[in-house]
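What follows is the residue order along each chain.
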Amino acid sequence: MKKKYYKILAFLCVVILFQSNGVFAQQERLITIESIIVDENGNPIENAEIFSGSAYTKTDADGKFTLLIEPGSKLIVEAKGFENTAFTIDEARNRTNLSLKSTPFLYGSDEMVDLAFRKVHEGNVVGAYSNVNGDKVNAYDNTIWAGDVLTGRTLGMLGGNSIRGIGIGIDVADATGSGLFSGNALFIVDGLPRDIESLRLSEIEDITVLKDVNSSILYGSAAVNGVILITTKRGEAFKKQSNFSANYGISTPRALPKFLNSADYMTYYNLGRTNDGQSEAFSEEQIENYRSGNKYRYPDVDYYSDEYLKPFKSYFDLNGQFSGGNDVAKYYSNVGWYSSGGLLDFGEGANARNNVFNVRGNVDLQVNDWIKTSVDGVSLFGNNRSQRGNYWSSASSIRPHLYTPLLPFDLIDSENSLLNARKNDVNGEYLIGGNSNYITTPFGDGYAGGVYERIFRKFSFNNRVDFDLNAITQGLSFHTNISFDYFTAYDQTVYNQYSVYEPIWAEDEDMIVDLRQHGTDNRPGTQAVGNAMFRRRFGFYGLFSYDRMFNNVHHVTGSLLGYGSNFKETNDFQGVKQAHVGLQVNYVFDKKYMVDFSSNYANSVKLPEGNRGGFSPSLGLAWMMSKEDFMASADNIDYLKLRLSGGILNSDLPIGGFFYYDNRYAGSGSYNWFEATRSRGGVSSSWSDNPNLGFAKRNELTFGFDGLFFDKFLGVEANVFYEKYSDLVTRPNTIYPSFYTPYIPYENFEADVYKGVEAGIDLNKSFGDLNLVLGVNMLYVTSERTIVDEVYSNDYQYRQGHPRDATFGLEAVGLFEDQADIDNSPIQAFGAVQPGDIKYKDQNGDGIVDGNDEVYLRRWQAPLSGGLDIKLSFKNLTLYVLGEGRSGSETFMEGNYYWVDGNDKYSEVVLGSWTPETKNTATYPRLSAESDNNNFRRSSYWLYNNDYFSIRKIQLTYKVPQVVASTLFMKNLDVFIDASDVYQFAKNREIRDLRVGAEPYTRTFSLGVKANF
């Protein structure tokens, strides 16, 4: 471990000691406060939390508490169902009972929801949303990164960034700045768009998923796929806190690829050549030598053996949080260090380490009675160090017999001059092996090739100013927010040149009598910097807000918004620009009837002048049905709300580039005319102009309800939604004659429809000291392409009417049994076939199997998904389990691990390959040592069921008794053990667990502590 890491660790320890020493220093000048916390009727409130600076306690069953506080400080009292209340020292000392004001259900200070540019009591929310509280999750789930927290536990989320699994977007190849595939939600952090990589869950106060158009429309064009709002933590006046966590974990591979050893590879490669009508490449003697001979002379390299890989990789995470303040200034800071190793166990790979340091500071200042400001700053420093080269890619492609990685000295003739002149020996025992085809090897790179480091930095800045304009009219305020983010990364590499040595073996013994040197030895030690990239984002808004209650019955709110953002990244000269104005008006009558009108007028630089503006309206209605008089007799219904919302959101997100509306000309080309019999060269058209090109549209209707039943034992939420994405931009070739192709403009043409339902159930029940919280959520969504630019010869080829995520391919009907079977079957147009090759169905009956016979095979996105979370608490122990699953999708076995031909490396799948003797039991087509274009293409033969249910998290937390924590000057002390990605139940688990060409998927186990001062 580097010295700088020790310094950071020492710094955190010093801070902890400082906090503890501060407690000792204050003991002599503290004042004792004893009182009882009661409600408005004088009834004691149990478990109310009492804060005063760093002092903390809870009330007992009689509402009593005793606390030592500093002179001049205030007493903050918090209890669920009551307004947070601050008492002065005099109030606390002179009154026996301190009374709290109760709040109606869903209208308390702890029952606020972050919506677009505002906070709203849960009872007043109209749109469809899901909410996750950071501290509540972190209390029993030690998830480190924000990007991992939504999957499985959030109603309506498919994975961690797709809301309802629907949406439109742009191709990842387009230089638009998002770097994301179609359908991803817009992430908003503290009011403006941001990336969330390396954002910690411990930094987050709240996450709100805005799912329908009505709730997300104020964020403009970029909100077309929904919005995920993240609000980071802030300090609270007279509530000083210091929180620390530390945990250490190990990650073990869930599965490793299984490739054939050298002898078996040679055997099956011979089979492939025989199948091709060629002679065998390896003799039986050679194969036997590689099976049982000297492994240095007859190499058999298993890249996934414990000779080269560790059984596990380790990580540790340290995090500290500090917050507090007073009426004038409040602060929150977060300092963290995450460090993880790798699985390689040799050379620089054994020292691989990825370190991420983060520092956040959020400050709130009360400038005067009507102005307050907030300044947030975030810095992220990362260093990912590893060996040069891509070991995992090489491991999946280099055949096991091709070279010897290391040559031991004791097998080399001691008189060899190269042995004495070596520079890059390994541990003084080996020379790096290779040959003329492998002058660089994964092992040479690891031992002598140098060091590769990926350096990355991130800096973020926020400044909000809030103006209370009650002096003008009650309820009026004005808010501004400006943000700037900059992310940069580059490679820093030490390139070493090294020699590899090809052995010349004695004929009659296993002795290396000579060496051939390939390459040169040179270790300059200089660093080369390259592959630099950056992402830069700027955002701002100005907002007039109105919030006023009339006669305690009529609640009116409204917002008038001006918004803009600009995102640029490396090699993107245009950037992604968003600008719009927004208007929102909300009315609530007697906390019973609610109506919300939200809209925006967006501007797009991707559209032609005169057509760059688009108005997007939405309307939401809600009815608190449980407050009606006729519901008074329904004793088992505690709360029931019905919701209906709809809207149209214009977006330029699907327009992948700029100037699609203008004429585009190529540098050279030709024009055809007179039935294509004549042509003329010159500057050619790429597409024609379209002054009417407009926004794509999301048209949505959502109906839902949420409620609590049986004394809040059962919670239910459900939404039914219909989404139509229309006016999608494409060049509609099918509505123009073929000779007009160079002039076909981009138009608003295609359309897709999504329909679905999401539902969640929560159970909360206590049995004495045992408390059970059970949550189940489900999402079902299906899609249909309703308007598609396409023309095919056969009805079954049309994409229209099929899901948006459909894949088309050939229908396999088995393997050819013999030559007679081939002769009596339609011609396969993908190359000559032999017995054992895949036979495809001739869908159109023309006697030829080609691209015209491709049919609908599968949808790659699961229509049914869901999550399960269970929290079981008994006294000081809490067990938490999170599960997530999907059903209804299929995936192809593809890539060189499954599609093996030519000189590919052979995996164990070829053991079931077809031969005349195994034709009735074969699980794999005929092997070929040549390129096989017939067998290895997307077809039903390679499909497998991708359903699964995964245990994503198991954590057991022990809360150290308060009396023990207090002796350590802590408010709380928790110890936990957890496991992540523990196991998945799946029909094809072995395939799903496997990762080829990259570091294997892992399951992680960790042990940690959390302390609150």
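Please read these numbers as outputs of a predicted model, since none were measured by experiment. (Residues numbered from 1 in each chain as written. Predicted model: local features only at pLDDT ≥ 70, side-chain atom pairs only at ≥ 80, totals over all residues. Heavy atoms only, no water.)

Draft legend 1. Representation of the pairing of strand β36 (residues 696-709). Here β36 lies mainly inside the structure; ten of its 14 residues are buried. The pairing of strand β33 (residues 637-651) with β36 spans 14 bridges and is classified as antiparallel. Across the sheet, residue G647 finds its bridge partner in β36, namely E700. Sheet topology note: the β36/strand β37 (residues 714-730) ladder contains 13 bridges and is antiparallel. Considered in β37, the bridge of L701 is made with Y722. (Buried < 20%, exposed > 50% of the residue type's maximum accessible area, 1.4 Å probe, protein only. Helix = DSSP H or I, 4+ residues; strand = E, 2+ residues; numbered from the N terminus. Pairing = 2+ DSSP bridges.)

Draft legend 2. Just the packing of helix α5 (residues 262-275) against helix α6 (residues 284-292), in detail. Two elements in contact, α5 and α6, have axes whose closest approach is 7 Å; the angle formed by their N-to-C orientations is 155°. Classed by the angle they form, the pair α5 and α6 counts as roughly antiparallel. Of α6, the residues touching α5 (which contributes S262, A263, D264, M266, T267 and N270) are I287, Y290 and R291. Tallied by class, residues from the contact of α5 with α6 come to four nonpolar, three polar and two charged. (Axes fitted to C-alpha atoms, helices over the stretch in contact; angles between N-to-C directions. Parallel < 35°, antiparallel > 145°, perpendicular 65-115°, else oblique. Contact = heavy atoms within 4.5 Å. Nonpolar A, V, L, I, M, F, W, Y, C, P; charged D, E, K, R; others polar.)

Draft legend 3. Region of interest: the sheet that holds strand β3 (residues 55-58). Read from one edge of the open sheet, four strands run β3-β2-β5-β6, paired in antiparallel fashion. Of all the strands in the sheet, just β3 and β6 (85-87) have a single pairing partner and so form its edges. Averaged over all pairs of adjacent strands, the angle between their axes in this sheet comes to 20°, without regard to strand direction. For strand β2 (residues 49-52) and strand β5 (residues 75-78), the ladder comprises three bridges, and the chain directions are antiparallel. Looking at β5, one finds that I50 is bridged to V77.

Draft legend 4. Up close: unusual backbone geometry. Positioned with a positive phi, N551 is a non-glycine residue whose angle comes to about 55°. Along the chain, N551 falls in the loop between β28 (527-550) and β29 (554-569). Phi at N571 is positive, roughly 65°, even though this residue is not glycine. Inspection of the secondary structure assignment puts N571 in the loop between β29 and β30 (576-589).

Draft legend 5. Geometry of the side chain of N358. Here N358 is to be found in strand β20 (residues 353-366). A relative accessible area of 4% means that N358 is categorised as buried. For N358, the side chain forms a polar contact with the side chain of R200, separated by 2.7 Å. Setting aside residues up to four positions removed in sequence, N358 forms contacts with R200, E203, N334, V335, G336, W337, S379 and L380. (Polar contact = N/O pair within 3.5 Å; in protein donor to acceptor, adjacent residues only side chain to side chain.)

Draft legend 6. Examining the nonpolar core more closely. Judged by nonpolar contacts, the single largest core of 54 residues is most densely connected at Y303, Y391, F443, Y906, V910 and W942. Looking at this core, the elements that each hand over two or more residues are α5, α6, α7 (391-395), β41 (812-815), β43 (838-840), β45 (855-859) and β49 (943-945). Here this core takes five residues from α5, the largest share from any one element. Each residue touching V910, except ones within four places of it in the same chain, is listed here: L260, Y268, V900, Y924 and L927. (Core = buried A, V, L, I, M, F, W, Y, C linked by side-chain atoms within 4.5 Å.)

Draft legend 7. Molecular detail of the pattern of salt bridges. The final tally for this structure, using the stated rule, is 47 salt bridges. Ionic pairing is found between D317 and R200, a salt bridge with its closest N-O pair at 2.7 Å. In this pair, D317 is assigned in strand β18 (residues 313-325) and R200 in the loop between β14 (192-193) and β15 (204-210), connecting sequence segments 117 residues apart. The burial state of D317 is the same as that of R200; both residues are buried. We note a salt bridge from D752 to R804, for which the minimum N-O separation is 2.6 Å. You can see D752 sitting in strand β38 (residues 747-767) and its partner R804 sitting in the loop between β39 (770-787) and β40 (806-809), a full 52 residues away along the chain. D752 sits in the buried class, given a relative accessible area of 2%. The exposure class of R804 is partly exposed, given its relative accessible area of 37%. (Salt bridge = Lys/Arg side-chain N within 4 Å of Asp/Glu carboxyl O.)

Read these as geometric descriptors, not functional statements.
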